[in-house]
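# Report on the structure
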Amino acid sequence: MNFSKKLINWYSVNKRDLPWRKTQNPYFIWLSEIILQQTQVKQGWPYYSKFTANYPTVFDLAAAKEEDVLNLWQGLGYYSRARNLHASAKYIVNELDGIFPNTYKEIKKLKGVGDYTASAIASICFNEPTAVVDGNVYRVLSRVFGIETPINSTLGIKEFKTLAQKLVDVKQPATFNQAIMDFGSQVCKPKQPLCETCIFNSTCLAFNLNKVSALPVKLNKTKITEKYFNFIVFLVDGDLTLIEKRTKKGIWQNLYQFPLIESKKELTLMEITKRVKVQFELSQLEIRLFNKDVITHKLSHQHLKTKFWVVSTSNLTANTTKIKDLNNYPVPVLIQNFINDFNF
DNA sequence: AAACCGGGGTT
DNA sequence: AACCCAGGTTT
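Residues numbered from 1 in each chain as written. Chains lettered and ligands numbered in written order. Predicted model: local features only at pLDDT ≥ 70, side-chain atom pairs only at ≥ 80, totals over all residues. Heavy atoms only, no water.

For chain A, the name recorded in an unreviewed UniProt entry is Adenine DNA glycosylase, with Aurantibacter aestuarii as its organism. Word for word, the UniProt comment on chain A under Function (unreviewed entry) is "Adenine glycosylase active on G-A mispairs. MutY also corrects error-prone DNA synthesis past GO lesions which are due to the oxidatively damaged form of guanine: 7,8-dihydro-8-oxoguanine (8-oxo-dGTP)." Here chain A is described in UniProt, under the heading Sequence similarities (unreviewed entry), as follows: "Belongs to the Nth/MutY family." (UniProt positions renumbered as here; feature names shortened; annotations may be inferred.)

Written as structure tokens, this is what we have:
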């Protein structure tokens, strides 16, 4: 029996029961695929439930305010996904009369949709035989076929896509694509894969050559930079504070935060006090450090060493926000954790 | 081709 | 603390 047949047989018995597997509605499949980019099923699941409940159709999503979409996305990370999702919903409604594009080529034109996502939607919703290549597929194919080309090299990307495209069952691409991904996540796992009971273990090159833990090959090494973040948490007359929107490109674009003083080195109480006085035109103020120990918020490529400075004042000229309204604004997890811990 | 973009998990 | 996981866009 060939690779695809064995895989599909495995899937028919072992497939997971996931909410987005009950539908072929391209809007729902698109939502699920964007949410699941760089995200485990367990983490994405509640967000899929929230989004389908709040925005049951593409028209509802298109009509929403970006801020509300980001608020619902809060905590999931990679926020450009939410911004692109919203922009594409508006594009589908305004330019395509609300009709979801139905070919790989047209689907890929949506913002935030690349090769993987376009292949997934085209195959699952429209039966187009385009093979998906996600992290699971790289792992399964590199091991079973013993391919050592780095999966994040230009050559590797082409090589694995070609192989997957050769293997895909053109009669049932949706089943094949979901089968290989499910197999990768449940059997051919990154750590402690289930080789002893694997359906491919008699032919799998990695298993038989004892190379399972060495595959797939990935060249990497992202260097991590360190920054100091000082958030200024104003308390004005007990019930007001000050927040600002991050409008510039970079992390957390269009999310909100307390006014931020960023630096390459750690700043002292004196330096913070002075900068707050100058920036906010305050002659005198009461300031205290909330977290005795610095909070290190770890992103994939930077570590943010964070302090929250609580400043009590009554004569702030800037536009304040009611503390009880804080949860109307999308904020990074770092800020949400503070709001929860501080207990205003 | 390399850097950027979040957050959660395991060892 | 050091490692791992996982697509798309921008530079």
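## Description of the UniProt feature "domain: HhH-GPD" (unreviewed entry) in chain A
Mapped onto this numbering, the UniProt entry annotates "domain: HhH-GPD" (unreviewed entry) at residues 35–186. Secondary structure within residues 35–186 divides into 66% helix and 0% strand; the distance between the first and last C-alpha atoms comes to 19 Å. (Helix = DSSP H or I, 4+ residues; strand = E, 2+ residues; numbered from the N terminus.)

## Examining the protein's contact with DNA strand B
Near DNA strand B, the surroundings consist of 22 residues, among which Y79, T154, I251, W252 and H301 are the closest. Close to the protein, within 4 Å, the atoms of DNA strand B are drawn from sugar and phosphate at a rate of 66%. Between DNA strand B and the protein, one listed contact pairs a phosphate oxygen with a side-chain N or O atom of H301 at 2.6 Å. Contact between DNA strand B and V333: a phosphate oxygen at 3.4 Å from a main-chain N or O atom of the residue. When the residues that make up the surface near DNA strand B are grouped by side-chain class, the tally is 8 nonpolar, 12 polar and 2 charged. (Near = heavy atom within 4 Å. Polar contact = N/O pair within 3.5 Å; in protein donor to acceptor, adjacent residues only side chain to side chain. Nonpolar A, V, L, I, M, F, W, Y, C, P; charged D, E, K, R; others polar.)

## Some thoughts on the environment of I151
In this structure, I151 sits in the loop between α9 (135–144) and α10 (154–167). Look at I151 and you get buried, because its relative accessible area is 11%. For the pair I151 and P216, spaced 65 residues apart in sequence, the C-alpha to C-alpha distance is 6.9 Å. Those residues within four positions of I151 in sequence are excluded, and the remaining contacts are Y138, I157, F160, P216, V217 and K218. (Buried < 20%, exposed > 50% of the residue type's maximum accessible area, 1.4 Å probe, protein only. Contact = heavy atoms within 4.5 Å.)

## Digging into helix α13 (residues 269–280)
Compared with an ideal rise of 1.5 Å per residue, which puts 12 residues at 16 Å, α13 spans 16 Å between its outermost C-alpha atoms and is within 8% of the ideal. Among the residues of α13, I272, T273, V276 and F280 are the ones counted as buried. Taken around the axis of α13, the buried residues stretch over an arc of 100°, which confines them to a single face. Turned more than 90 degrees off the buried face of α13, the exposed positions are M270, K274 and V278. On the buried face of α13, the contacting elements are β1 (225–236), β5 (260–263), β6 (286–289) and β8 (302–313). E281 occupies a position one or two residues after α13 and carries a positive phi of about 55°. (Expected span 1.5 Å × (residues − 1). Arc of directions from axis to C-beta.)

## What about unusual backbone geometry?
Residue L215 is joined to P216 through a cis peptide bond whose omega torsion reads 0°. In this structure, P216 sits in the loop between α12 (205–208) and β1. Positive phi values are uncommon outside glycine, yet Y78 reaches one of about 40°. Locating Y78 in the fold gives a position in the loop between α5 (66–73) and α6 (80–95). Looking at Y78, the relative accessible area reads 48%, which means it is partly exposed. The residue N254 is not glycine, and still its phi comes out positive at about 75°. Mapped onto the secondary structure, N254 falls in the loop between β3 (244–245) and β4 (256–257).

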